[in-house]
Every structure is written in structure tokens, then in C-alpha cells.
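Examining the three-dimensional arrangement
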Amino acid sequence: GAGVSQSPSNKVTEKGKDVELRCDPISGHTALYWYRQSLGQGLEFLIYFQGNSAPDKSGLPSDRFSAERTGGSVSTLTIQRTQQEDSAVYLCASSLGTSGGTGETQYFGPGTRLLVL
Amino acid sequence: GNSVTQMEGPVTLSEEAFLTINCTYTATGYPSLFWYVQYPGEGLQLLLKATKADDKGSNKGFEATYRKETTSFHLEKGSVQVSDSAVYFCALRSNAGGTSYGKLTFGQGTILTVHP
């Protein structure tokens, strides 16, 4: 079946602009994650949605970052007033979200490469 | 907090050589452990995983054993191929609850290059 999809694949923006990144998880997956991959910081967790529970936002680096998940499916990560240090690859992942499933696999999308000029 | 430490890279090997990439972790409770691989131009893929102590994960000739006594999950392959050239990430997922539950904590990644 279809995997996790993300759009756009590449985004170039000017410092100070807002950007929206989209993630379509695998159908039926109730858990959705956003990560950021950058040269200096490696792979960092940003935010985690599980069903209808309040999201775990503990990884968001500043209040310029926010995310929502509509209808328990598609998610949008928004970065306001972008800065050059926001340049990175933003990865989305989804998993089944079964209770207590710490070993369950997270399936990653291809990522959105963001460049802030 | 949770952390994962991978051996410094990059690693360059000749085809058919033995591969070891070291991974050690710090976590509360009994985390699940993973190796993800990122081939050139592709996304992250799960390579193998282990969910409890002494479990061995294996896939595509790669193996890793969950060693709780040494808090390690080293990746090994007996005979690497050129097609194994990629970036390898060790990761853990905590089951301790609180804010750690759910997210993966990754190591820095190890670049592997295999020459013919």
C-alpha cells in the first residue's frame, strides 16, 4: 500500500516568511510524528500525535513552530517567521499506535527539504 | 534523559569485509531498540529492531543483539556489499511513560561506504 507522503519535497523561502509542510500518514495509522534532520543536530524529535490525545510537543524548538492534525489523518507543520537555522529536512513518520506498542515500527516519509535564505 | 551514542564515522570498507557499528544508550526503564538505514537519496527505513533484553534483531544479513548489561545494540554484518553503502542510525523508544513515550531518540548516524 501507499507509504507516508510529504509535500512539498523541497521548499525555498526567505527569512521571516511562514511555511507550511504537509504529511499524509499511512492509512489506519493513529500515531504521527515529526522529526527534523539537520547537519548540526542530527535527527531530532519535534512533535507526536496519538489518536485524540493531546500531542506531545516537547521537541518543538520555539513557539514559532506549531503542528496540527486534522481528522486524525493529515498533519501540517507550520513554521512562522522562518530563520536560517530552520533550514533542515523535516521528516514525518506514522505508526499503528497500538496501546503499549513501544516496539512498533515508525514508517518515515521522504521528507521536505527546507532552505531559508 | 534518553540518549544514544554511535561510533564516530565515516566507515570505509572493502566488499566482503566484516562490519561493526557500535551503539550504546542511556534510558530509563526497558526501551525498544532500532537500527534505521538511509540509502542515498532515499528516506529512513527500518533495518531491524529488538524489544527486550537478549533479543536479536536481524535483516538482510545484518544483526544486532540487545545487551542490557552493557546498554548496547551493536550492528554487525559478516560480509558487506557495495549496496550496503548508506547512513545507519541507532535509535531507542522509551516505554517509561511521561514525555519520552512515543518518540524515537536517534544517534548521530554513521556513514558507511563500501568499495568494490
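What you are looking at is a predicted structure, and each value in this text was computed from that prediction instead of being measured.

This part takes up the packing of aromatic side chains. For the coordinates displayed, the defined rule picks out 12 aromatic pairs over all chains. Centroid distance A:Tyr33 to A:Tyr35: 6.3 Å. Interplanar angle 25°. Geometry classified as stacked. The pair formed by A:Tyr33 and A:Tyr35 is uniform in burial state, with each residue classed as buried. Grouping aromatic residues by their ring pairs yields a cluster made of A:Tyr33, A:Tyr35, A:Phe45, A:Tyr48, A:Phe108, B:Phe34, B:Tyr36, B:Phe89 and B:Phe106.

Our next topic: the interface of chain A and chain B. With 20 residues of chain A at the contact, the number on the chain B side is 20 residues. Across the chain A to chain B interface the summed buried area is about 1,700 Å²; carbon plus sulfur atoms make up 51%. Counting across the chain A and chain B interface gives zero salt bridges. At the boundary of chain A and chain B, one finds five residue pairs in polar contact (both at pLDDT 80 or more). Mapped by element, the contributors of at least two residues to the side of chain A that touches chain B are β4 (31-38) and β5 (42-50) of chain A.

All names here are of chain B. Structurally, Thr12 is set in strand β2 (residues 11-14). Separated by 60 residues in sequence, Thr12 and Ser72 have C-alpha atoms that sit 22 Å apart. Setting aside residues up to four positions removed in sequence, Thr12 forms contacts with Thr113 and His115.

For the rest of this paragraph, the subject is the pattern of salt bridges. All names here are of chain B. The tally for this structure, following the rule as stated, stands at six salt bridges over all chains. With its nearest N and O atoms 3.4 Å apart, the salt bridge here joins Lys52 to Asp55. With a closest N to O distance of 2.7 Å, Lys77 and Asp84 form a salt bridge.

Let us look at the pairing of strand β6 (residues 44-50) of chain B. Residues and elements named next belong to chain B. Strand direction decides the pairing type here: strand β5 (residues 32-38) and β6, joined by six bridges, are antiparallel. Of the residues in β6, the one forming a bridge with Val37 is Gln45. Hairpin geometry of β5 and β6 is characterised by an intervening segment of five residues between the two adjacent antiparallel strands and by a positive phi of about 75° at Gly41.

We now examine the environment of A:Lys57. Residue and element names in this part refer to chain A. Examined against the element boundaries, Lys57 turns out to sit in the loop between β5 and β6 (65-69). What makes Lys57 exposed here is its relative accessible area of 51%. As for Lys57 and Ala31, which are separated by 26 residues in sequence, their C-alpha atoms are 14 Å apart. Those residues in contact with Lys57 that sit more than four places away from it in its chain are Leu46 and Ile47.

Rules used in this analysis
- Residues numbered from 1 in each chain as written.
- Chains lettered and ligands numbered in written order.
- Predicted model: local features only at pLDDT ≥ 70, side-chain atom pairs only at ≥ 80, totals over all residues.
- Heavy atoms only, no water.
- Phe/Tyr/Trp six-rings, centres within 6.5 Å; stacked < 30°, edge-to-face > 60°.
- Buried < 20%, exposed > 50% of the residue type's maximum accessible area, 1.4 Å probe, protein only.
- Contact = heavy atoms within 4.5 Å.
- Buried area = accessible area lost by both parts, 1.4 Å probe.
- Salt bridge = Lys/Arg side-chain N within 4 Å of Asp/Glu carboxyl O.
- Polar contact = N/O pair within 3.5 Å; in protein donor to acceptor, adjacent residues only side chain to side chain.
- Helix = DSSP H or I, 4+ residues; strand = E, 2+ residues; numbered from the N terminus.
- Pairing = 2+ DSSP bridges.

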